[in-house]
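# What the coordinates show
What follows is the residue order along each chain.
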Amino acid sequence: KAKQTGRNKVCLYNGSLHQETQKKALLEQDIHQALALNQFTVHYQPQICARTLKVKGVEALVRWQHPTQGMLSPIMFLELAEELNLIGDIGQWVLHSACHQLKHWQRQYHLNDDLLSMSVNLSTFQLQDINLLSLVSDALASCDLSPSCLELEITESSIIHSPENIVERLNELTQQGVKLSLDDFGTGYSSIKHLHLFPIHSLKVDKSFIAAYKQKKSQDKVLEAMIKFAKYLGLSVIAEGVETAEQLAFCQAQGCDLIQGYYYSKPISAIDFEAKYLIK
Ligand code: C2E
Ligand code: MG
Ligand code: MG
Ligand code: MG
């Protein structure tokens, strides 16, 4: 009997492995056409001022509306897109969409530049692209959006192995008025060095620290210290993954500037964002 169970287990394992491989092959086939078929879409998650609870910013998060697999999360396809050299095109598409969306909202609802900012994630590939500056400038110019409205989110893992001229390039970007934030801070290769080497405007405390809140006292101390440290360096602090009122209260008490998370809102479509936060 034991042997049979064992064999079944092996079969099940093989079955799911097979399914995974099949699914990946299917997505690989489809992703080449996805941009041309207009299957990508951007969802928007509000970033809330911790003091006033007003929406101050919004993060653009890409999704793939797959014809048979439904709405796919970026973790399902970004790696594949990277492997297939499609990540640059997708990234540029997201950047354009997000900039145009914000410009549309500014016009429609008479929003000043400093009322709502747009955050867009940059992949390692985009960060290393020597044309980054002109790609970003093109996106801004194509919709006449002010650079100060755009915040680009980069991760430490994408800058850690970067040649020095990336610092140069990022400096050029921020000199134009674009802001930079360090995403997923505290995971991977956190290094204090990055914070003064790169022209970072804000730091996004990774959601794992927020999720662990009140589970281990020593970890809360780390979270507290991280926030204090960032504030001391004059950085704006964004807490991501805030899901409960308790977490919100803690982040407020620690002096976080912005809050992002399911407690306030999940990422939603542009139409829903507009209805919920812009139509008065
Ligand atoms: P990220 O930039 O750190 O984005 C935050 C992720 O956390 C999003 O997942 C968001 O939906 C999720 N999140 C927000 N609030 C909460 C919360 O309260 N609880 C939990 N559990 N999760 C929360 P999403 O949309 O699946 O994106 C995953 C990652 O994919 C992003 O992490 C980012 O690294 C990457 N990504 C998304 N869009 C793009 C893009 O356009 N370009 C690039 N290069 N990467 C992107
Ligand atoms: Mg992000
Ligand atoms: Mg993050
Ligand atoms: Mg992430």
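A brief structural summary. (Residues numbered from 1 in each chain as written. Chains lettered and ligands numbered in written order. Predicted model: local features only at pLDDT ≥ 70, side-chain atom pairs only at ≥ 80, totals over all residues. Heavy atoms only, no water.)

## Some remarks on the side chain of E151
For E151, the location among the structural elements is in strand β5 (residues 150–155). No salt bridge forms around the buried E151; measuring N to O, its nearest opposite-charge neighbour K179 is 5.5 Å away. Apart from residues no more than four positions distant in its own chain, E151 is found in contact with M118, S119, V120, K179, S181, H201, S202 and I238. (Helix = DSSP H or I, 4+ residues; strand = E, 2+ residues; numbered from the N terminus. Buried < 20%, exposed > 50% of the residue type's maximum accessible area, 1.4 Å probe, protein only. Lys, Arg positive; Asp, Glu negative; His and termini not counted. Salt bridge = Lys/Arg side-chain N within 4 Å of Asp/Glu carboxyl O. Contact = heavy atoms within 4.5 Å.)

## Thoughts on the coordination of the magnesium ion (ligand 3)
For the magnesium ion (ligand 3), the full set of protein donor atoms is D183 (OD), D184 (OD), E240 (OE) and E240 (OE), and the range of their distances to it is 2.1 to 2.3 Å. Each donor residue of the magnesium ion (ligand 3) belongs to the same chain, and together they define the spacing D-D-x55-E. Between the two metal centres, the magnesium ion (ligand 3) and the magnesium ion (ligand 2), the spacing is 4.3 Å, with D183 acting as a shared donor. Of this pair, D183 sits in strand β6 (residues 179–185) while E240 is found in strand β8 (residues 236–240), placing the two residues 57 residues apart along the sequence. Judged by relative accessible area, D183 falls into the buried class, the value being 8%. (Donors = N, O, S within 2.8 Å, 3.2 Å for Na, K, Ca; no water.)

## Description of the coordination of the magnesium ion (ligand 2)
Donor atoms from the polypeptide that coordinate the magnesium ion (ligand 2) comprise E59 (OE), N121 (OD1), E153 (OE) and D183 (OD), at 2.0 to 2.2 Å from the metal. Sequence spacing of the donors to the magnesium ion (ligand 2): E-x61-N-x31-E-x29-D.

## Quick look at the packing of aromatic side chains
Per the counting criterion, the structure on display carries 9 aromatic pairs. Here the aromatic rings of F40 and W64 are separated by 5.8 Å at their centres, their planes lie at 45 degrees, and the arrangement is tilted. Taken together, the positions of F40 in strand β1 (residues 40–49) and W64 in strand β2 (residues 55–66) put the pair 24 residues apart, joining distant regions of the chain. Note on F40: relative accessible area 3%, which makes it buried. Aromatic ring contacts, followed pair by pair, group Y44, W105, Y264, F273 and Y277 into a single cluster. (Phe/Tyr/Trp six-rings, centres within 6.5 Å; stacked < 30°, edge-to-face > 60°.)

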